[in-house]
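As a plain string of letters, each chain reads:
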Amino acid sequence: MGAENLHVIVIGAGITGLVTCQALKKAGIRYSLFERDVAMNYRSNEWTMAIHWALPLLKEIMPQEVYAKVPEIACNPTVGIHSGLYPIINAETGELITGVPYNDGLRVSRSRMRALCAEGIDVQYGKSLTDIAFCESGKGVVVTFSDGTLVSGTMIIGADGPRSRVRETAMGSADKAATVKFPIFHTNMTVCYRDADKSLYVRQKYPTSYLALSQRSFHAFQSISSMPDGPDHPESWIFHMAMAWFGEADHSMSYPERLGLIKARAEGMGEPARSAFMWLPDDTEVHKADISYWVTEPWNNRQGRLTLVGDAAHPMPPYRGQGLNHCICDVSHLVNGLRSISDADGSLAEVVDSYEKEMIPRGKEEVTCSVENGMLLHDWDKIRESPVFNRGFKPMDGHSNVEEATAS
Ligand SMILES: Cc1cc2nc3c(=O)[nH]c(=O)nc-3n(C[C@H](O)[C@H](O)[C@H](O)COP(=O)(O)OP(=O)(O)OC[C@H]3O[C@@H](n4cnc5c(N)ncnc54)[C@H](O)[C@@H]3O)c2cc1C
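Residues numbered from 1 in each chain as written. Predicted model: local features only at pLDDT ≥ 70, side-chain atom pairs only at ≥ 80, totals over all residues.

- By the naming in an unreviewed UniProt entry, the protein goes by FAD-binding domain-containing protein and is assigned to Oidiodendron maius.
- The Cofactor (unreviewed entry) comment attached to the protein in UniProt states, word for word, "FAD". (UniProt positions renumbered as here; feature names shortened; annotations may be inferred.)

Structure below.
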């Protein structure tokens, strides 16, 4: 069975599932993509993400005409793909603590990146995976959806995010696949100040984005998210803001109550970050992000008929900006392997084994590192020991384990 005879079932139309299908499409491999939500960006939670070391891989796997539009979706279209120093600032004084170097980086909003990655991809919405069966012949899978429909294919790729249903089958139980909560109250919101002067003021020092670290053990983040009417219309600009501190997320809190917690912390911040948060309108929808992780470990891939990519394989705290970069890296390795599949028996198993041999240690290392980094960045006395200070945005190679990191 060569690549032309494969039928790949992809579960989840987040960015990873969509990029997987773009890469499969480019490789001439048949796919079917299923998404449990009824439409794209059905849930309103929005954030921005930096793509850095994986950008060359994205270029390789995306069809040329789709990749050509990537600079157009930059949060800050005036800089597009660019190199520089990412500002980490002192939340109380507003002064720069360090600039983290990056080459050819791009910051995108989740919704616009998702929309671009969906171009030309057939997504079957309203399809929630409930079960996976493996044919006794040793070839093929049959997947079941909550509406009772069945679909068969050569293999299934789980791109179904942090709480992956596919991972439960891979690991043999929901317990073994369960995520661990990262102990943080993380809020995300978008704001349009509808006032040109305010928009210009909050971007005066850091035009794309910054991370502010507080001596009071919280972080604040601001990024331009989009410029709907262009760079010359600051009154239309939309910003992504985030603030997070250690503690249990209280699910019962209303948006105004969460906003109250944010403004109480923002009071003591330096300018312009202080105003950026204090000017948040009273009706701001303050979303709570559920930050959790699962340390990647091997699973039974059933002769190459099941594997995982993206957050399904390595959900991690986002404070070193690595998640999406690893998603892209996974897709690049896996689809390059699938492209080379031959008629020989066992070829699919070899390709998937080889993909997992590279990805599982990489995922495990990065999840562990991102947990450690998340702990250290919220502890003022230790921020300089954090991986983002020491290694920047480069993928890691060696650090202490999760137990040590979370115990400190
Ligand atoms: C605040 C924040 C900031 C971040 N910043 C960065 C950054 O700067 N750089 C970076 O590299 N990464 C960053 N990340 C991480 C990045 O956002 C994720 O790694 C990436 O979006 C994961 O995409 P995904 O497609 O794997 O998962 P998801 O986006 O979770 O998509 C999974 C999809 O699967 C669907 N699904 C789930 N279960 C089923 C089912 N049973 N059946 C069918 N469909 C199903 C879901 O509805 C969803 O659409 C950040 C994350 C957060 C939260």
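Once the structure has been displayed, the description carries forward.
Overview of the domain arrangement of the protein
- In terms of domain boundaries, the protein breaks down into domain 1 (3-40 + 118-178 + 294-376) and domain 2 (46-108 + 183-290).
- At the junction of the two partners, domain 1 supplies 15 residues and domain 2 supplies 13 residues.
- Those elements giving two or more residues to the side of domain 1 that touches domain 2 turn out to be helix H1 (15-26) and helix H10 (323-339).
- A per-class count over the side of domain 1 that touches domain 2 returns seven nonpolar, five polar and three charged. (Domains from an automatic or database assignment. Contact = placed C-beta atoms within 7 Å. Helix = DSSP H or I, 4+ residues; strand = E, 2+ residues; numbered from the N terminus. Nonpolar A, V, L, I, M, F, W, Y, C, P; charged D, E, K, R; others polar.)

A word on the packing of H10 against helix H11 (residues 347-377)
- One way to put it is that H10 packs onto H11 with a least axis distance of 9 Å and a crossing angle of 170°. Our classification of the angle between H10 and H11 gives roughly antiparallel. Note on packing geometry: the crossing formed by H10 with H11 is right-handed. Of H11, the residues touching H10 (which contributes His326, Asp330, His333, Leu334, Gly337 and Leu338) are Val351, Ser354, Tyr355, Glu358, Met359, Arg362, Gly363 and Glu366.
- Looking at the contact of H10 with H11 residue by residue, the class counts come to five nonpolar, five polar and four charged. (Axes fitted to C-alpha atoms, helices over the stretch in contact; angles between N-to-C directions. Parallel < 35°, antiparallel > 145°, perpendicular 65-115°, else oblique. Left-handed = near helix turned anticlockwise from the far one by under 90°.)

Notes on unusual backbone geometry
- Note that the residue after Glu271, namely Pro272, is joined by a cis bond; omega there is 0°.
- In this fold, Pro272 is placed in the loop between helix H8 (255-266) and helix H9 (273-278).
- Despite not being glycine, Asp104 has its phi angle at roughly 45°, a positive value.
- Mapping Asp104 onto the fold places it in strand S5 (residues 96-109).
- Positive phi, close to 50°, is recorded for Arg302, a residue that is not glycine.
- Take Arg302: it is sitting in the loop between strand S17 (292-293) and strand S18 (306-308).

Looking at the site of the ligand
- Neighbouring the ligand are 34 residues, the closest being Gly12, Gly14, Gly161, Gly310 and Gly323.
- Elements that contribute at least two residues to the shell around the ligand include exactly H1, strand S3 (48-51) and H10.
- Of the residues forming the shell around the ligand, the biggest block, four residues, is contributed by H10.
- Within the shell around the ligand, the residues separate by chemical class into 15 nonpolar, 12 polar and seven charged. (Near = placed C-beta within 6 Å.)

A look at the environment of Trp279
- If you trace the backbone, Trp279 turns up in the loop between H9 and strand S16 (287-289).
- For Trp279, a count of 18 C-beta atoms within 10 Å puts it in the partly exposed group.
- A C-alpha to C-alpha distance of 19 Å links Trp279 and His186, two positions 93 residues apart in sequence.
- With near-sequence residues (within four places) excluded, Trp279 lies in contact with Tyr193 and Lys198. (Buried ≥ 20, exposed ≤ 12 C-beta atoms within 10 Å, placed from the backbone.)

Quick word on the sheet that holds strand S8 (residues 141-145)
- Strands sit in the order S7-S8-S9 across an open sheet of three strands; the sheet is antiparallel. Each edge of the open sheet is held by one strand with a lone partner, namely strand S7 (129-134) and strand S9 (150-153). Each strand of the sheet is rotated relative to its neighbour by a mean of 20°, with strand direction disregarded.
- Of the pairings in the sheet, the one linking S7 to S8 comprises five bridges and is antiparallel in character. Within S8, the position partnered with Ile132 by the bridge is Val143. (Pairing = 2+ DSSP bridges.)

Section: the sheet that holds strand S13 (residues 209-213)
- Here we have eight strands laid out as an open sheet, ordered S3-S5-S4-S13-S14-S15-S12-S16, and mixed in their pairing. Strands at the two margins of the open sheet, each flanked by one partner only, are S3 and S16. Neighbour-to-neighbour, the strand axes of this sheet turn through a mean angle of 35°, independent of strand direction.
- Direction of pairing for strand S12 (residues 184-191) relative to S16: antiparallel, over a ladder of three bridges. The residue bridging Asn188 from the neighbouring strand is His287, located in S16.

Structural notes on the pairing of S3
- Side chains Thr48 and Ala50 project from S3 onto one buried face, and the interleaved Met49 and Ile51 project onto a second face that is buried too.
- The pairing of S3 with S5 spans four bridges and is antiparallel. The residue of S5 that forms the bridge with Ala50 is Arg107.

Quick look at helix H4 (residues 110-117)
- Within H4 the residues assigned to the buried category are Met113, Leu116 and Cys117. When H4 is viewed along its axis, its buried side chains cluster within an angular range of 95° and face the same direction.
- Buried residues in H4 make contact with H1, helix H3 (64-67) and S5. (Arc of directions from axis to C-beta.)

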